[in-house]
Amino acid sequence: MSIPFALAVYFMIWWIVLFAILPFGVRTQEEDGAVTPGSVPSAPSRPLLLRKALWTTVVASAVFASFVWLRASGITLDDIPLPGPR
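Residues numbered from 1 in each chain as written. Predicted model: local features only at pLDDT ≥ 70, side-chain atom pairs only at ≥ 80, totals over all residues. Heavy atoms only, no water.

1. Quick word on the overall build of the protein
Thought 1: When you go through the protein residue by residue, the secondary structure sums to 3 helices and 0 strands.
Thought 2: Listing every helix and strand of the protein by position from the N terminus yields α-α-α.
Thought 3: A globule of 86 residues ought to have a C-alpha radius of gyration of about 12 Å, yet the protein, at 20 Å, is considerably larger.
Thought 4: Projected onto its principal axes, the C-alpha positions of the protein cover 55 × 40 × 15 Å.
Thought 5: Out of the 86 residues belonging to the protein, those deemed buried represent 16%.
Thought 6: A sequence separation of at least 24 residues applies to 60% of the contacts in the protein between residues at least 6 apart.
Thought 7: Approximately 6900 Å² of the protein is accessible, and the part contributed by carbon and sulfur atoms is 72%. (Helix = DSSP H or I, 4+ residues; strand = E, 2+ residues; numbered from the N terminus. Rg over C-alpha atoms; globule rule 2.2 N^0.38 Å. Buried < 20%, exposed > 50% of the residue type's maximum accessible area, 1.4 Å probe, protein only. Contact = heavy atoms within 4.5 Å. Areas by Shrake-Rupley, 256 points an atom, 1.4 Å probe, with all protein chains shown as cover.)

Rendered as structure tokens:
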């Protein structure tokens with residue numbers, strides 16, 4: 001696997017995991033009772049983006065390591081048994 005290909009795959013995995021992790025632990029301004037004037041009440045009060053970026057990196061690295069291991073071991077989608085037509 002070439003380095004540009006590995007970086008591209010990691011980048012895609014990282015972004016997909018980021019969008020999966022973003023909703024966790026979000027409290028809206030309305031839930032906290034402190035709506036900032038000019039913003040919608042459903043806006044997050046504290047988005048905690050740095051913490052989510054760190055968790056995203058950890059999870060994406062584990063998924064990427066699994067991808068690299070599967071690719072190095074030679075397992076392909078053809079190796080997965082699928083039920084035949086009925």
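2. Things to note about the nonpolar core
Thought 1: By size, the foremost hydrophobic cluster in this structure holds 9 residues: A6, V9, I13, W14, V17, L18, I21, A60 and F64.
Thought 2: Counting residues per element, the ones that place at least two in this core are α1 (3–21) and α3 (49–73).
Thought 3: Dropping the residues within four chain positions of it, F64 is found in contact with A6, V9, Y10 and I13. (Core = buried A, V, L, I, M, F, W, Y, C linked by side-chain atoms within 4.5 Å.)

3. Let's talk about the side chain of T56
Thought 1: With respect to the element layout, T56 can be found in helix α3.
Thought 2: A relative accessible area of 0% places T56 in the buried class.

4. Focus: the pattern of salt bridges
Thought 1: Per the stated rule, a full pass over the model turns up 1 salt bridge.
Thought 2: Taking the shortest distance from any N to any O, the salt bridge between R27 and D32 comes out at 2.8 Å. (Salt bridge = Lys/Arg side-chain N within 4 Å of Asp/Glu carboxyl O.)

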